[in-house]
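# Structural features, examined
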Amino acid sequence: MAQAFRSTRVLTPEGLRPAALLVEDERIASMRGWSEVPSSAILHEFGDYVLLPGLVDSHVHINEPGRTEWEGFWTATRAAATGGVTTLVDMPLNCIPETIDVEALEAKRAAAKGKTWVDWAAWGGAVCGNSEALSALAATGIPGFKCFLIHSGIDGFPWVDETGLRLALDKLRGTGLPLLVHAEVARPVEAATASLRAAGADWRKYSTYLASRPDAAEFEAIALLIRLAEEFQTPIHIVHLASAQALPLLAEARGRGVPVSVETCVQYLHFAAEEIPDGATEFKCAPPIRSAANREALWTALEDGLIDLVATDHSPCPPKMKRRDEGRWDLAWGGIASLGLALPVMWTAMRGRGVSLNTAMERLAAWMSTAPAKLAGLAARKGAFVAGADADIAVFDPAAAWKVTADNLHFRHKLSPYLGVELRGRVLETWVRGEQVFSQDGFIDQPRGRELVRP
Ligand SMILES: [Zn+2]
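Because the structure is a prediction, the values reported are computed rather than measured.

### Here's the deal with the nonpolar core
Counting residues in hydrophobic clusters, the biggest one holds 112 residues, and the most contacted among them are Phe145, Leu179, Leu241, Leu250, Met346 and Met361. Looking at which element gives the most residues to this core, the answer is helix H7 (residues 215–232), with eight residues. What Leu179 contacts, discounting residues up to four positions off in sequence, is Ala126, Phe145, Cys147, Leu165, Ala168, Leu169, Leu172, Pro235, Ile236 and His237. Counting residues in each nonpolar core, the second largest holds 28 residues, with Val89, Leu93, Phe157 and Leu309 among its members.

Here you go:
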């Protein structure tokens with residue numbers, strides 16, 4: 001039976017407008033005028049709440065199988081649903097086995113069965129030594145590959161140097177699949193860390209950690225990646241850009257048509273180094289959160305379209321691995337837990353920057369739904385309210401004011417730098433393929449998420 005989702009603020013191609021989404025089976029059949037709902041359709045009336053296409057988070061560490069005590073499909077996808085995120089794309093490391101061959105992917109698929117509240121897909125891993133496995137992995141329908149240029153923290157996911165990058169790009173050339181890269185090279189990090197140690201730096205201080213991962217590590221990595229993307233004419237996607245120093249380089253490359261895309265993360269747009277307390281290792285991520293001035297430059301690049309998308313890089317671990325009692329930035333595991341908070345955090349920031357609701361919703365849908373769907377090869381099904389797309393809907397109350405507490409966090413471990421943060425805007429309901437999965441009253445029925453594969 002057809003359903004209609006109606007509000008005075010539906011995100012249409014012209015911005016927020018009164019409209020009705022007509023849904024048949026699991027897909028959007030059409031977008032209609034507010035008063036043009038057929039009498040035969042079941043009507044869901046949302047008043048003045050905003051209806052957005054479900055968000056797509058293209059950078060999430062679910063950690064299952066193998067490190068399910070860190071996170072898992074059940075908890076991660078529930079956390080996603082609370083934030084209007086209807087698709088997660090899982091990173092190939094932190095799980096055991098790492099997703100670096102077909103067998104490992106099959107293990108992940110088996111682990112996910114019956115546990116996903118939203119749809120998901122898996123990035124494959126390109127590591128030192130697995131170039132011969134990439135073609136078979138690509139043939140399984142995964143959307144692309146992720147690699148590191150520096151130690152990933154996981155010994156089973158060894159980083160690649162330029163030779164390894166060339167091997168991977170050679171396999172990917174012509175497939176259309178992107179190579180996602182953690183863009184920090186090791187040399188500046190090793191050099192900075194060695195001199196900080198020699199000088200007896202205090203590793204409880206955030207400034208020490210920040211100094212240990214200098215901008216140069218990102219800058220040098222990005223220069224290399226631009227060179228290779230241009231040579232191979234194969235898309236390279238820079239994950240979690242943190243350093244604004246690399247922006248001119250990227251702008252110049254994009255101007256020349258080099259196939260390089262850029263992501264930044266919510267934490268780099270919300271927090272600033274000056275505000276991070278010493279010892280507060282729940283803020284540790286790599287690359288690190290940099291200065292307020294750097295944050296401002298990232299916002300400008302995002303608004304100018306140089307940065308394509310915003311992801312979370314949700315990457316939790318058991319709280320004891322954050323070693324909060326010692327507060328040593330060098331010993332703590334890196335990764336920020338935030339899944340479910342991205343939309344209100346971003347809207348709060350934009351509201352504070354004087355952006356109108358209409359403009360903010362258009363941009364947020366572009367950065368957090370359309371662009372990541374495109375990166376993951378899902379543009380035909382996800383990321384916009386268009387006929388034929390999956391009926392994934394986030395119902396958002398932009399006026400709600402609330403403070404993040406552990407009760408609001410649905411990922412496994414309730415340690416997050418967002419605890420205590422005051423936010424504006426809240427996701428009231430989330431619908432995946434025409435079925436409600438979450439409301440403020442709780443989760444609905446049972447998990448119905450599916451893996452998304454390329455045809
Ligand atoms: Zn990550």
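The structure having been displayed, the exposition proceeds.
### Focus on the coordination of the zinc ion
Protein ligation of the zinc ion involves His59 (NE2), His61 (NE2) and Asp313 (OD), the donor distances falling in the range 2.1 to 2.2 Å. Look at where the donors of the zinc ion fall in the sequence and you get H-x1-H-x251-D. Here His61 is found in the loop between strand E6 (55–60) and helix H1 (73–82), whereas its partner Asp313 is found in the loop between strand E14 (309–311) and helix H11 (342–352), with 252 residues between them in sequence. Residue His61 is classed as buried on the basis of its relative accessible area of 5%.

### Some remarks on the sheet that holds strand E7 (residues 85–90)
With parallel pairing, three strands are arranged side by side in an open sheet as E6-E7-E8. Sheet topology places E6 and strand E8 (119–122) at the edges, where each strand pairs with a single neighbour. Going across the sheet, the axis of each strand differs from the next one's by a mean of 20 degrees, ignoring polarity. Those strands touched by H1 are E7 and E8, and its axis lies near 140 degrees from that of E7. Sheet strands touched by helix H2 (residues 102–112): E7 and E8. Its angle to E8, the strand with the most contacts, is close to 165 degrees.

### A closer look at the packing of H11 against helix H12 (residues 357–375)
Taken N-terminus to C-terminus, the directions of H11 and H12 make an angle of 135 degrees; their axes are 10 Å apart at the nearest point. Relative to H12, the element H11 lies oblique. Remark: the crossing between H11 and H12 carries right-handed chirality. Of the residues in H12, those in contact with Ala342, Leu343, Met346, Trp347 and Met350 of H11 are Leu357, Ala360, Met361, Arg363, Leu364, Trp367 and Met368.

### Some details on unusual backbone geometry
Here the residue pair Glu64 and Pro65 is connected by a cis peptide bond, since its omega of 5 degrees sits within 30 degrees of zero. Turning to its location among the elements, Pro65 is positioned in the loop between E6 and H1. Cis geometry is adopted by the peptide bond preceding Pro287, which originates at Ala286 and carries an omega value of -5 degrees. As for its placement among the helices and strands, Pro287 is situated in the loop between helix H9 (266–270) and helix H10 (292–303).

### As for the packing of H7 against helix H8 (residues 247–255)
Contact geometry for H7 and H8: axes closest at 10 Å, N-to-C directions at 10 degrees. By the angle class used here, H7 and H8 are roughly parallel. Together, Phe219, Ile222, Ala223 and Ile226 of H7 and Leu249, Leu250 and Ala253 of H8 make up the contact between the two elements. Looking at the contact of H7 with H8 residue by residue, the classes come out as seven nonpolar, no polar and no charged.

### Looking at the environment of Gly153
Along the chain, Gly153 turns up in the loop between strand E10 (145–148) and helix H4 (162–172). Sequence-wise, Gly153 and Ala246 are 93 residues apart; in three dimensions their C-alpha atoms are separated by 24 Å.

### What to know about the pairing of strand E3 (residues 27–33)
Relative to E3, strand E2 (residues 15–24) runs antiparallel, the two being bridged by six bridges. If you follow Val23 over to E3, its bridge partner there is Ile28. Hairpin connection between E2 and E3: a loop of two residues separates the two successive antiparallel strands, and Asp25 in this loop has a positive phi of roughly 55 degrees.

Definitions and cut-offs
- Residues numbered from 1 in each chain as written.
- Predicted model: local features only at pLDDT ≥ 70, side-chain atom pairs only at ≥ 80, totals over all residues.
- Heavy atoms only, no water.
- Core = buried A, V, L, I, M, F, W, Y, C linked by side-chain atoms within 4.5 Å.
- Buried < 20%, exposed > 50% of the residue type's maximum accessible area, 1.4 Å probe, protein only.
- Helix = DSSP H or I, 4+ residues; strand = E, 2+ residues; numbered from the N terminus.
- Contact = heavy atoms within 4.5 Å.
- Donors = N, O, S within 2.8 Å, 3.2 Å for Na, K, Ca; no water.
- Pairing = 2+ DSSP bridges.
- Axes fitted to C-alpha atoms, helices over the stretch in contact; angles between N-to-C directions.
- Parallel < 35°, antiparallel > 145°, perpendicular 65-115°, else oblique.
- Left-handed = near helix turned anticlockwise from the far one by under 90°.
- Nonpolar A, V, L, I, M, F, W, Y, C, P; charged D, E, K, R; others polar.

Nothing here speaks to function; it is geometry throughout.
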